[in-house]
Amino acid sequence: MLNVSIYRYNPETDAEPYMQDLEVDTAGKDLMVLDVLELIKAEDTTTSYRRSCREGVCGSDGMNINGKNGLACIMPLSEAMKGGNKLVLRPLPGLPVIRDLVVDMSLFYKQYEKVKPFLINDTPAPAIERLQSPEEREKLDGLYECILCACCSTACPSFWWNPDRFIGPSGLLQAYRFLADSRDTSTEQRLADLDDPFSVFRCHGIQNCVSVCPKGLNPTKAIGHIRNMLLTSAT
Amino acid sequence: MVTSVTNFGRSGLSDWLMQRVTGVILLAYTVVIAGVLLLCSPDYAQWKALFDETWMKTFTLAAILSIASHAWIGLWSVSTDYLVRHVLTIKLGPAVGAQANLLRWAFQAASAVVLFTYVVWGIQILWG
């Protein structure tokens, strides 16, 4: 039997959140954390969490697993508990809880929206497509793979303190994805929009984002590139 | 873009760059002072002679101004991280949270007064 402690909060019935302790029969298998949640939900249908693809692509089931943010669907119990005997599940930290493990991601998306996560190109559209050389395309590797699960931004203290002003690691990774794109012509405006004391410069490089990213991406490195671009364009 | 009127420079980049440059000046000053203390063990007369040199006065003034600007940028960051409504509301309750702006401005004003005093005091010591 697996000991599970799960964060529960239903604003309609609970005065405040509490941790519910459960025992789950995993039949000795090294299940994914999401499988355990499915077993719990089969017993108690009020248990709430987000999920969709169950293979680390949609980014719906980001949560705090034994103190570290991750995707429940691709996190095996053995890795989550690291030899311990208890699985502790909490919602992503720093965002308002809607119910149980479901958080309100409005601020996260607002920051994403701010970086204009789409190609801007004012030149006339070519007949077929805007071509990139293999080298130019290569610059987007490690950037375009972000699935917006919010594991990184909600592991970042700067985002906890300033979720309305600091864009956060996820949004900044996306910002650099478009700054680095050879087909985008809005580099100057994009940089001007980021050059304030909060949007980029609240990053102090502690790299929580790097350590939790379930896709193995490096937002801190992308933020360093943005900083260098700002420095180059301003000096 | 997020706007702010109380940060040190005009942009996030200038604050960031200023903190790095002042950090290097302070590191160099620390190395020089530590070197003098460890290698020469100066007595009062030697110590005074060192600080009578124009280059040492200038270097010390640069270090004092660096401390003031470095500390302002750092303390300003701390105040805008923690002395804000939602953080104080969670940590200390809604009554304190409602006073967040006042507390932040008071903290920033007190920091500015202390740092300005250090600069004036430092100049007085150097050229007094």
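Everything numeric in this text was worked out from a predicted model, so none of it was measured.

A. Fine view of the overall build of chain B. Assigned secondary structure in chain B consists of 6 helices and 0 strands. Along chain B, from the amino end to the carboxyl end, the secondary structure elements read α-α-α-α-α-α. Based on the C-alpha atoms only, the size of chain B along its principal axes is roughly 60 × 30 × 25 Å. For chain B, buried positions account for 17% of its 128 residues.

B. View of the environment of Lys86(A). Topologically, Lys86(A) is positioned in strand S5 (residues 86-90). Here the alpha-carbon distance between Lys86(A) and Ser5(A), two residues 81 residues apart in the chain, equals 7.3 Å.

C. Molecular detail of the nonpolar core. Of all hydrophobic cores here, the largest spans 60 residues; its most connected members are Val33(A), Ala72(A), Leu172(A), Ala175(A), Tyr176(A), Val200(A) and Ile226(A). At 6 residues, helix H6 (residues 168-179) of chain A tops the list of elements feeding residues into this core. If you count residues domain by domain, this core takes at least three from each of domain 1 (2-103) and domain 2 (106-234) of chain A. Every residue in contact with Ile226(A), bar those within four places of it in the chain, is listed here: Leu172(A), Ala175(A), Tyr176(A), Leu179(A), Leu194(A) and Val200(A). Of all hydrophobic cores here, the second largest spans 6 residues; its members include Ala63(B), Ile64(B), Ile73(B) and Trp76(B).

D. Structural context of helix H1 (residues 33-43) of chain A. Residue and element names in this part refer to chain A. Listed as buried for H1 are Val33, Leu34, Val36 and Leu37. Buried residues of H1, seen end-on, are gathered within an arc of 155 degrees and therefore sit on one face of the element. Within H1, the exposed residues directed more than 90 degrees away from the buried face are Ala42 and Glu43. Buried residues belonging to H1 abut strand S1 (2-8), strand S2 (18-24), strand S3 (62-65), helix H2 (77-81) and S5.

What counts as what
- Residues numbered from 1 in each chain as written.
- Chains lettered and ligands numbered in written order.
- Predicted model: local features only at pLDDT ≥ 70, side-chain atom pairs only at ≥ 80, totals over all residues.
- Helix = DSSP H or I, 4+ residues; strand = E, 2+ residues; numbered from the N terminus.
- Buried ≥ 20, exposed ≤ 12 C-beta atoms within 10 Å, placed from the backbone.
- Core = buried A, V, L, I, M, F, W, Y, C linked by C-beta atoms within 7 Å.
- Domains from an automatic or database assignment.
- Contact = placed C-beta atoms within 7 Å.
- Arc of directions from axis to C-beta.

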